[in-house]
Amino acid sequence: MAALTLALVFVGCTPAPESKKPSALLERQEEIDARSFFQAKAIGSDYEGDPWIAHVKAVDLDRDGQEDLLVCDARDDEVLWLRKTDAGEFEEIVLATEMRAPVHAEEADMDGDGDLDILVSSMSIVFPSNEKIGAVILLDNDGNHQFTKHVLLDNVDRVVDVRPADFNGDGQLDLAVGQFGYDEGMVRWMERVGPMEFKSHILLNLSGTVNVCVADFDGNGALDFAAFVTQQWEEIHMFFNDGRGNFTARTVFGSTNQDFAGSGMSLCDLNQDGLPDLVFSNGDGFGPTTNPGPRPWHGVQWLRNKGKGQFQFARIGDLPGAYAPLETDLDGDGEMDVVALSSFNDFDKPDAVSMVWFRNMGGETFKPHVLAYKPTHLLTIAVIQEEGRGTPSLVTGAFHGWPPFGENSRLTLWRPTGRISW
């Protein structure tokens, strides 16, 4: 579930649709070798075993002008800060332990004291469970980067995503919450009613939410939010806000394929028209068979905002095991591209890709270029802009929760070599 956002979808109880032939574009390299565009380097602490990095996000936590990284380690139950040093390296600092399988972290000044606190989505158990074990945890920053835990929501279906926003216009940050659950789940918004007190409003009772995204999608000046609901539903639900916290729900995307395998969603504006769009992936490998892996229909999609609450679907491209699609101008040409990962691929085959760049060719068309075959099982990605570099760097996190094992990584920094030119 990446990038993370996070999108960890470990289900699989619906019939498979008819298959189609996979795109040949990802079976071989194109006329360029895009792998030479980046130099990969492991960052963070040494590790043993199989890392479970569920989420990585770029944020200037100490506000020193350099982008750092927030990281959720779901195996070790830790929230980490990879602080960018003056030497250009990343120093790993443990911000909180015993975080009950954290899978998403968002920064926000929740108490209005001028520093960034951290909202953490906790699943408690990553793999399927109907137990009421999910939580929303606030890490309250004392101004010196010492964090105190406050549990804002507990004993609910497993929580996968939390986003802060002022939904009712009272000047206080409320929360949009997505709960994957398993057979049960929901989407709620939590209205701020006190310093650390919230009142829940349930907006949807469906299992399988993997991400929520907040923006003014209909242009009325109030913040709305979208929820990507997977499992057998495979829908994107939009919650349009009247500015006072009254939401009208509408389904803006739905697949007839019950094994569509939705895996992640993020905000974007790919055509740069000023309207917030959504880019989303379908690549969860736990389908109706016993062996997790890629499906022919996996790939990356764009839900284009046409204005006034109307949206148009477009397929960006095929990618087996697709996860964590993210917008960025990777080559500095002024067009917004998409980078996506593969978490479920035939990784025992040497030509199974793990990271792909969907290059924006103009005219709202995209061309895939393979960025990496190894390491494998990449689940979450962040884009960071480093000082002195014209094009962005990437950071990936790997979740080694299923075989094959052997090409392990934990956190990888991909720095541009300066060779991206046309």
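Everything that follows concerns the structure shown earlier in this document.
Residues numbered from 1 in each chain as written. Predicted model: local features only at pLDDT ≥ 70, side-chain atom pairs only at ≥ 80, totals over all residues. Heavy atoms only, no water.

**Student:** Even after reading the chapter, I still don't get the overall build of the protein chain, so can you show me in this structure?
**Tutor:** Secondary structure assignment for the protein chain yields zero helices and 28 strands. The C-alpha atoms of the protein chain give a radius of gyration of 20 Å, which matches the 22 Å a tight globule of 422 residues would have. Once the C-alpha set of the protein chain is aligned to its principal axes, its extents read approximately 60 × 50 × 40 Å. Total accessible area on the protein chain is roughly 15,700 Å²; 46% of this is exposed by carbon and sulfur atoms. (Helix = DSSP H or I, 4+ residues; strand = E, 2+ residues; numbered from the N terminus. Rg over C-alpha atoms; globule rule 2.2 N^0.38 Å. Areas by Shrake-Rupley, 256 points an atom, 1.4 Å probe, with all protein chains shown as cover.)

**Student:** Teacher, can you tell me more about the state of the cysteines here?
**Tutor:** Cysteine pairs can be covalently joined through their sulfur atoms, and such a bond is termed a disulfide. With the rule as written, the count across this model stands at zero disulfides. Summary of cysteine pairing: Cys 72 is not part of a disulfide, and the nearest cysteine sulfur, belonging to Cys 213, is at 16 Å. For Cys 268, which is in no disulfide, the shortest distance to another cysteine sulfur is to Cys 213 and amounts to 9.1 Å. What makes Cys 268 buried here is its relative accessible area of 6%. (Disulfide = S-S within 2.5 Å. Buried < 20%, exposed > 50% of the residue type's maximum accessible area, 1.4 Å probe, protein only.)

**Student:** Mind showing me how you'd approach the environment of Ser 129 here?
**Tutor:** Here Ser 129 shows up in the loop between β7 (117-122) and β8 (134-141). Expressed as a C-alpha distance, the spacing of Ser 129 and Glu 184, which sit 55 residues apart in the sequence, is 9.5 Å. Engagement of the side chain of Ser 129 in a polar contact is seen with the backbone nitrogen of Glu 131, the distance being 3.1 Å. (Polar contact = N/O pair within 3.5 Å; in protein donor to acceptor, adjacent residues only side chain to side chain.)

**Student:** Mind showing me how you'd approach the nonpolar core here?
**Tutor:** What tends to happen in soluble globular proteins is that the nonpolar side chains get buried as a cluster. Ile 236, Leu 278, Met 355, Leu 371 and Leu 394 are the most contacted members of the largest nonpolar core, which has 46 residues in total. Setting aside its immediate chain neighbours within four residues, Leu 278 contacts Cys 213, Phe 217, Ala 226, Ile 236, Met 238, Met 265, Ser 266, Leu 267, Cys 268, Gln 301, Trp 302 and Leu 303. Residues Leu 270, Val 279, Leu 319 and Ala 322 belong to the second largest nonpolar core, which totals 18 residues. (Core = buried A, V, L, I, M, F, W, Y, C linked by side-chain atoms within 4.5 Å. Contact = heavy atoms within 4.5 Å.)

**Student:** I would appreciate a short explanation of the pattern of salt bridges in the present structure.
**Tutor:** Pairing between side chains of opposite charge can happen when their charged atoms approach one another. In total, this model carries 20 salt bridges according to the counting rule given. Among the ionic pairs, Asp 157 bridges to Lys 132, the shortest N-O distance being 2.5 Å. Here Asp 157 is found in the loop between β9 (147-156) and β10 (159-165), whereas its partner Lys 132 is found in the loop between β7 and β8, with 25 residues between them in sequence. On the basis of relative accessibility, which here comes to 37%, the residue Lys 132 falls in the partly exposed class. (Salt bridge = Lys/Arg side-chain N within 4 Å of Asp/Glu carboxyl O.)

**Student:** So what exactly am I meant to see when it comes to the environment of His 237 here?
**Tutor:** Counting through the fold element by element, His 237 comes out in strand β16 (residues 235-241). Spatially, the C-alpha atoms of His 237 and Pro 292 are 27 Å apart, while their sequence positions differ by 55 residues. In this view, His 237 contacts Leu 204, Leu 206, Phe 225, Ala 226, Ala 227, Val 229, Arg 250 and Thr 251; residues no more than four positions away in its chain are not counted. A distance of 3.5 Å separates a polar atom in the side chain of His 237 from a polar atom in the side chain of Thr 251.

Bear in mind that shape data such as this cannot, by itself, settle questions of function.
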